[in-house]
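Residue strings, one per chain:
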Amino acid sequence: MALKKTIAVLGPDGVYLSHCTWKRALGLLESGRAIRLNATTVRLKQTKKERIKKKHSIIAESKRICYICNTRIPEDEVATIDHIIPKSRDRRADTYENMRCCCNRCNNDKANMTLSEYVRHMISNRPLYDYISNKRLEYLKNFAKFYEEEFYAQKRTEEDTRPPYRSSYNKRRRRRR
């Protein structure tokens, strides 16, 4: 029976929070939400309060206007945060620049599609999206193309400059065998 290796998770201030699986820890590291301290410990970069504060600042910056349908979200409705590149597609997509204020209808409908996929979906099912103008669709199409090119170009340069993640861990592991 193989033992499950758990990783200690520390808060930004270095205080112990919990344990998690190595898969979850790897996800935190790849997304940039945590820093690896050693083989069994990671430290989060932000607290939950800081993440919530970031969400509220994104909503405030946009003045509660959905970036997809361009309508104002009433105060009595929940304004959601949409990732232009979904986190399910790229763990590194959980960045401030990749988040936009979005109404619940658009966010739920977009689901885990990229913005360019969602625009193509709206164009192919145009009668269902009559509340979005053709001018807005054209804007979103151009924005999605530009944004995705910039996002992946930036991620490629980060990968080129970043040292390999597990190199020292793999060397120690090979020596033990």
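Model, not experiment: these values are computed from the prediction. Numbering of residues begins from 1 in every chain and follows the order in which that chain's sequence is written. For a predicted model such as this one, the threshold for reporting local features is a pLDDT of at least 70, and the threshold for listing and counting side-chain atom pairs is 80 or more; totals across whole chains, interfaces and linings nevertheless cover every residue. The side-chain figures draw on all heavy atoms in the structure; neither hydrogens nor water molecules are used.

Looking at this structure, how should I read the packing of aromatic side chains?
In this description, a pair of aromatic rings is defined by centroid distance and the angle of the planes. Stacked, tilted and edge-to-face pairs are distinguished by plane angle, under 30 degrees for stacked and over 60 for edge-to-face with tilted covering the rest, among Phe, Tyr and Trp rings (Trp via its six-membered ring) whose centres lie within 6.5 Å. Under the defined criterion, the tally for this structure stands at six aromatic pairs. Measuring from centroid to centroid gives 6.2 Å for Y129 and Y131, while their planes differ by 55°, and the two rings are tilted. Using a relative accessible area of 27% as the deciding quantity, one classes Y131 as partly exposed. Summarising the aromatic geometry, the rings of Y147 and F151 are spaced 6.1 Å apart at their centres and angled 25° between planes, so their arrangement reads as stacked. Within this pair, Y147 and its partner F151 are both found in helix 5 (residues 134-161), separated by four residues, close to a single helical turn. Neither Y147 nor F151 differs from the other in exposure class; each is buried. Put simply, the rings of Y139, F143, Y147, F151 and Y152 pair up and form one aromatic cluster. It is R105 that lies over the ring of Y131; its NZ or CZ is 3.7 Å from the centre. The buried label goes to any residue with under 20% of its type's maximum accessible area, the exposed label to any with over 50%, and the partly exposed label to all in between, with areas taken from a 1.4 Å probe on protein chains only. The secondary structure listing takes helices from DSSP runs of H or I that are at least 4 residues long and strands from runs of E that are at least 2 residues long, numbered from the N terminus. Put simply, a charge is over a ring when the Lys NZ or the Arg CZ is close to the ring centre, within 6 Å, and near the line of the ring normal, within 35 degrees.

Teacher, can you tell me more about the confidence of the model for the protein chain here?
Interpretation of the predicted coordinates at a detailed level should be avoided for regions scoring low in pLDDT. What pLDDT conveys is the predictor's confidence in a given residue, as a value from 0 to 100. Model confidence for the protein chain is summarised by a mean pLDDT of 87, while 86% of its residues fall at 70 or above. Throughout, a contact is declared for two residues whenever any of their heavy atoms are within 4.5 Å. Ignoring residues within four places in sequence, the model shows residues 167-171, a span with pLDDT below 50, making three contacts including any to other chains.

What is the right way to read the sheet that holds strand 3 (residues 34-38) from this model?
Across a sheet, strands are paired by hydrogen bonds formed along the backbone, either parallel or antiparallel in direction. Strands qualify as paired when DSSP identifies two bridges or more between them. Pairing in this open sheet of four strands is mixed, and the strands run 2-1-4-3 from one edge to the other. The open sheet has two edge strands with one neighbour each: strand 2 (16-21) and strand 3. For this sheet, the mean inter-axis angle between neighbouring strands, taken without regard to orientation, is 30°. As defined by bridge partners, strand 1 (residues 6-10) adjoins strand 2 across five bridges and the pair is classed as antiparallel. Within strand 2, the residue paired with I7 across the bridge is C20. The axes used here are C-alpha line fits, helices contributing only the stretch in contact, and every angle between their N-to-C directions lies in the interval 0 to 180 degrees.

I tried to follow the environment of G32 on my own but got confused; where do I start?
Looking at the element boundaries, G32 is found in the loop between helix 1 (22-30) and strand 3. Under the relative-accessibility criterion, G32 is labelled partly exposed at 31%. Counting along the chain gives 13 residues from G32 to K45, while the straight-line C-alpha distance between them is 8.1 Å.

What is the right way to look at the pattern of salt bridges in this model?
Two side chains that carry opposite charge are able to pair once their charged atoms sit near each other. What counts as a salt bridge is simple: a side-chain nitrogen of Lys or Arg found within 4 Å of a carboxyl oxygen of Asp or Glu. Scanning the model with the defined rule gives four salt bridges in all. Notably, a salt bridge pairs D94 with R33, separated by 4.0 Å at the nearest N-O pair. With D94 in the loop between strand 5 (80-83) and strand 6 (99-102) and R33 in the loop between helix 1 and strand 3, this pair connects stretches of sequence that are 61 residues apart. In this structure, the salt-bridge partner of D82 is K110, at a minimum N-O distance of 3.3 Å. In this pair, D82 sits in strand 5 while K110 sits in helix 3 (residues 104-110), placing the two residues 28 residues apart along the sequence. This pair shows no difference in class: D82 is buried, exactly as K110 is.

Which parts of the structure should I look at to understand the environment of A25?
You can see A25 is positioned in helix 1. Note on A25: relative accessible area 3%, which makes it buried. Put simply, A25 and I35 are 10 residues apart on the chain and 9.6 Å apart in space, counted from C-alpha to C-alpha. Dropping the residues within four chain positions of it, A25 is found in contact with I7, C20 and V42.

Hey, could you run me through the nonpolar core in this one?
As a rule of thumb, soluble globular proteins bury nonpolar side chains together. Among the nonpolar cores identified, the biggest contains 29 residues, and C66, I68, C106, L115 and M122 are the most heavily contacted of them. For this core, the leading source of residues is helix 5, giving six residues. Leaving out residues up to four positions away in the same chain, L115 has contacts with Y67, I68, I84, K110, L140, F143, A144 and E148. Here, nonpolar core means buried Ala, Val, Leu, Ile, Met, Phe, Trp, Tyr and Cys residues that are tied together by side-chain atoms lying within 4.5 Å of each other. By size, the runner-up hydrophobic cluster in this structure holds nine residues, among which are V9, L29, A34 and L44.

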